[in-house]
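Breakdown of the fold
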Amino acid sequence: MTWADQITGFISMLKDLVTPIGVGVAVYALIYNNRQAGFRDRRKELRSVIDGIVKSIQEIESNGLKFHTAASYDAAVADGILRSFTRMSASVQRLELYKAYTPVLDAINAFKQALTLNNFDPSSFATQLHSSDIPKEIFATAQDLIELIEQRYTDIYPL
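Keep in mind that what you see is a predicted model, and the values were worked out from it rather than measured.

A look at the overall build of the protein
In terms of regular secondary structure, the protein is built from four helices and zero strands. Traced from its N-terminal end to its C-terminal end, the protein shows the element sequence α-α-α-α. For the protein, buried positions account for 28% of its 159 residues. For the protein, long-range pairs separated by at least 24 residues make up 76% of all intrachain contacts whose partners lie at least 6 apart in sequence.

Next comes the structure, spelled out in structure tokens:
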């Protein structure tokens, strides 16, 4: 067997191996790319929902501050705050990311207490200054809730 025959045999053997390997690599690349695209899509959808929740928390915070610093008790605003809070809370708890995540659930409860525990009854309503404890607590608990929601998202989907 000559040296040229050995090279030809080696090339033939190489061709037989390269075709299945190339097809395997191409199939793996397609599967991997599809999986990553699905992952990106899920992440974008979740980011959109979280952005909506954060906006809702900020609106509830703003309405809560307006309510507590108003000159008189406004039942319609109080009911609106409670309805908005219930929707926001349900939105957070529907997300698998936060379902059993205790720090976020505790922050939701703290935010609700800051909004409704004091000065929410018409018989004991008193106009608060922006520098009073109730508005400060509403602001602080809203920010804590937003930070926990964002931190959990970042933990699961790092940049």
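So that's the structure; there's more coming.
Digging into helix H3 (residues 102-116)
Each α-helix winds once per 3.6 residues, and so residues spaced three or four apart point in a common direction. In this model H3 runs 21 Å from its N-terminal to its C-terminal C-alpha over 15 residues, within 8% of the 21 Å that 1.5 Å per residue would give. Among the residues of H3, Val104, Ala107, Ile108, Phe111, Ala114 and Leu115 are the ones counted as buried. End-on, the buried residues of H3 take up no more than an arc of 125°, which puts them together on one face.

Describing the packing of H3 against helix H4 (residues 133-156)
In the contact formed by H3 and H4, the axes pass within 9 Å of each other and the chain directions differ by 160°. Judged on the interaxial angle alone, H4 and H3 are roughly antiparallel. Helix-helix and strand crossings are classified by hand; for H3 and H4 the assignment is left-handed. Contact residues: H3 offers Pro103, Val104, Ala107, Ile108, Ala110, Phe111, Ala114 and Leu115, while H4 offers Ile134, Glu137, Ile138, Thr141, Ala142, Leu145, Leu148 and Ile149. Considered class by class, the residues forming the contact of H3 with H4 number 14 nonpolar, one polar and one charged.

Regarding the nonpolar core
The biggest cluster of nonpolar side chains holds 32 residues, and the ones touching the most others in it are Ile50, Ile57, Met88, Tyr98, Phe111, Leu145 and Ile149. The dominant element in this core, judged by the number of residues it contributes, is helix H1 (residues 3-69), at eight residues. In contact with Phe111, other than residues within four places in its own chain, are Ile57, Ile60, Glu61, Phe85, Met88, Ile138, Thr141, Ala142 and Leu145.

Re a nonpolar patch on the surface
On the surface, a nonpolar cluster with roughly 450 Å² of combined accessible area is contributed by Trp3, Ile7, Phe10 and Ile11. On the secondary structure map, Trp3 appears in helix H1. Judged by relative accessible area, Trp3 falls into the exposed class, the value being 66%.

Quick notes on the environment of Ala126
For Ala126, the position within the fold is in the loop between H3 and H4. Measuring from C-alpha to C-alpha, the distance between Ala126 and Tyr73 comes to 8.1 Å, with 53 residues separating the pair along the chain. If sequence neighbours within four positions are ignored, Ala126 has contacts with His68 and Asn119.

Thresholds, definitions, all that
- Residues numbered from 1 in each chain as written.
- Predicted model: local features only at pLDDT ≥ 70, side-chain atom pairs only at ≥ 80, totals over all residues.
- Heavy atoms only, no water.
- Helix = DSSP H or I, 4+ residues; strand = E, 2+ residues; numbered from the N terminus.
- Buried < 20%, exposed > 50% of the residue type's maximum accessible area, 1.4 Å probe, protein only.
- Contact = heavy atoms within 4.5 Å.
- Expected span 1.5 Å × (residues − 1).
- Arc of directions from axis to C-beta.
- Axes fitted to C-alpha atoms, helices over the stretch in contact; angles between N-to-C directions.
- Parallel < 35°, antiparallel > 145°, perpendicular 65-115°, else oblique.
- Left-handed = near helix turned anticlockwise from the far one by under 90°.
- Nonpolar A, V, L, I, M, F, W, Y, C, P; charged D, E, K, R; others polar.
- Core = buried A, V, L, I, M, F, W, Y, C linked by side-chain atoms within 4.5 Å.
- Patch = residues over 30% accessible without salt bridge, like charges linked within 9 Å, V, L, I, M, F, W, Y side chains within 5 Å.
- Areas by Shrake-Rupley, 256 points an atom, 1.4 Å probe, with all protein chains shown as cover.
- Salt bridge = Lys/Arg side-chain N within 4 Å of Asp/Glu carboxyl O.

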